[in-house]
Amino acid sequence: AQLAAHQSAWEGPKDALAKDIAACTRCPLHCNATQAVPGEGPMDADLMVVGEQPGDQEDLSGRPFVGPAGQLFDKIAGQAGLERHKTFVTNAVKHFKFTPRGKRRLHQSPNGSEIQHCRWWLDAEIAQVRPKLLLGMGATAAEGLTGRRAGILSRRGTVEQTASGTPILLTLHPSYLLRLPDPKAKADATAQFRDDLAMAVKLLD
Ligand code: URA
């Protein structure tokens, strides 16, 4: 019975919106990706976490933030007191954009047009879940949520708003932390990211 209760509260990939997202051909990214990756989590979540786009593992599994960036997010979220299973986790762009390089698929950032086309789905997810707070991770999420990608390093840790008034806390993307080569810069950015996640928890208190 406990499992059934959990499953009924967890409407993820199977709900109607996710099915519409799965069939999306609004931009060319659907041509090469394995599948669209819709958001998942409780449909009544107070917090919606928005990343950039699915990575290699997300594209294969159909679930957001299950690869290295997702594992780092889960770890730091745990340290900040943020419970992932209570949040709705999604991306600004629903298909993986990549360049084939031998057997590997190298991540490519989505462009403005792709972000703009996918805003349809991000807005639909926000309208459905109606979170009290959006956490936008990285420049692509900032662009999908606010229309502006510039200046994420100075905007992080600050709160902006959607057109309909939902607060948006901006932060760094966990992949950015993974890519930083300098250990001191990595430690500092990780601490900032942790502080931002803790701020999200506090804003929802
Ligand atoms: N990076 C993202 O932005 N989203 C994912 O789902 C995985 C990696």
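Scroll up to find the structure this text is about.
For the structure given in this document, a descriptive report is provided here. (Residues numbered from 1 in each chain as written. Predicted model: local features only at pLDDT ≥ 70, side-chain atom pairs only at ≥ 80, totals over all residues.)

Take the packing of helix H4 (residues 68–80) against helix H9 (residues 183–204) next. Here H4 crosses H9 at 60°, and the two axes come no closer than 8 Å. Classified by the angle between their axes, H4 and H9 sit oblique to one another. For H4 against H9, the interelement crossing comes out right-handed. Counted together, Ile76, Ala77, Gln79 and Ala80 of H4 and Thr190, Phe193, Arg194, Leu197, Ala198 and Val201 of H9 form the full contact between these two elements. In terms of residue class, the contact of H4 with H9 is made up of seven nonpolar, two polar and one charged. (Axes fitted to C-alpha atoms, helices over the stretch in contact; angles between N-to-C directions. Helix = DSSP H or I, 4+ residues; strand = E, 2+ residues; numbered from the N terminus. Parallel < 35°, antiparallel > 145°, perpendicular 65-115°, else oblique. Left-handed = near helix turned anticlockwise from the far one by under 90°. Contact = placed C-beta atoms within 7 Å. Nonpolar A, V, L, I, M, F, W, Y, C, P; charged D, E, K, R; others polar.)

Here we have five strands laid out as an open sheet, ordered S2-S1-S5-S7-S6, and mixed in their pairing. Across the chains shown, the open sheet's two edge strands, defined by having one partner strand only, are strand S2 (88–91) and strand S6 (159–161). Within the sheet, the average angular offset between the axes of one strand and its neighbour, ignoring direction, is 30°. Pairing between strand S1 (residues 47–51) and S2: four bridges, direction parallel. Directly across from Val49, in S2, lies its bridge partner Val89. (Pairing = 2+ DSSP bridges.)

Another aspect to go through is helix H6 (residues 139–146). Of all eight residues that make up H6, seven are buried, and the element is covered over most of its length. Turning to H6, its buried residues are Ala139, Thr140, Ala141, Ala142, Glu143, Gly144 and Leu145. Taken from the residues just after H6, Gly147 is the one with a positive phi, measuring 85°. (Buried ≥ 20, exposed ≤ 12 C-beta atoms within 10 Å, placed from the backbone.)

Now for the nonpolar core. By size, the foremost hydrophobic cluster in this structure holds 40 residues, and its most contacted members are Met48, Val49, Val50, Ala92, Leu134, Leu135 and Ala200. For this core, the element with the most residues is helix H5 (residues 112–129), which contributes six residues. Here Val50 is in contact with Thr90, Asn91, Ala92, Leu122, Leu134, Leu135, Gly136, Met137, Ala141, Gly144 and Leu145, once residues within four sequence places are set aside. (Core = buried A, V, L, I, M, F, W, Y, C linked by C-beta atoms within 7 Å.)

Time to look at H9. Here H9 is 22 residues long and its end C-alpha atoms lie 32 Å apart, about the 32 Å a rise of 1.5 Å per residue gives. Those residues of H9 hidden inside the fold are in contact with S1, H4, strand S5 (133–137), strand S7 (167–171) and helix H8 (174–179). (Expected span 1.5 Å × (residues − 1).)

Before going further, it helps to spend a moment on the packing of H5 against H6. For any two helices packed against each other, the geometry comes down to the angle between their axes and how far apart the axes lie. Two elements in contact, H5 and H6, have axes separated by 9 Å at closest approach and are oriented at 70°. The angle between the axes of H5 and H6 places the two elements in the roughly perpendicular class. Relative to H6, H5 is oriented so that their crossing is right-handed. Packed against H5, whose contacting residues are Ile115, Cys118, Arg119 and Leu122, the element H6 presents Thr140, Glu143 and Gly144 at the interface. Here the contact of H5 with H6 is composed, by residue class, of three nonpolar, two polar and two charged.

Our focus in this paragraph is unusual backbone geometry. Excluding glycine, a negative phi dihedral is what most residues carry, and trans is how most peptide bonds are arranged. In the Ramachandran plot, Phe65 falls in the positive-phi region, its phi being about 50° despite a non-glycine side chain. If you check the backbone angles, Arg130 has positive phi at about 50° while not being a glycine. Along the chain, Arg130 falls in the loop between H5 and S5.

Buried residues dominate S5, accounting for five of its five residues. Residues of S5 alternate between two faces, with Leu133, Leu135 and Met137 on one and Leu134 and Gly136 on the opposite face, all of them buried. Here four bridges tie S1 to S5, and the two strands are oriented parallel to one another. Of the residues in S5, the one forming a bridge with Leu47 is Leu133. As judged from the four bridges shared by S5 and S7, these two strands associate in the parallel manner. Residue pairing in the sheet places Leu135 in a bridge with Leu169 of S7.

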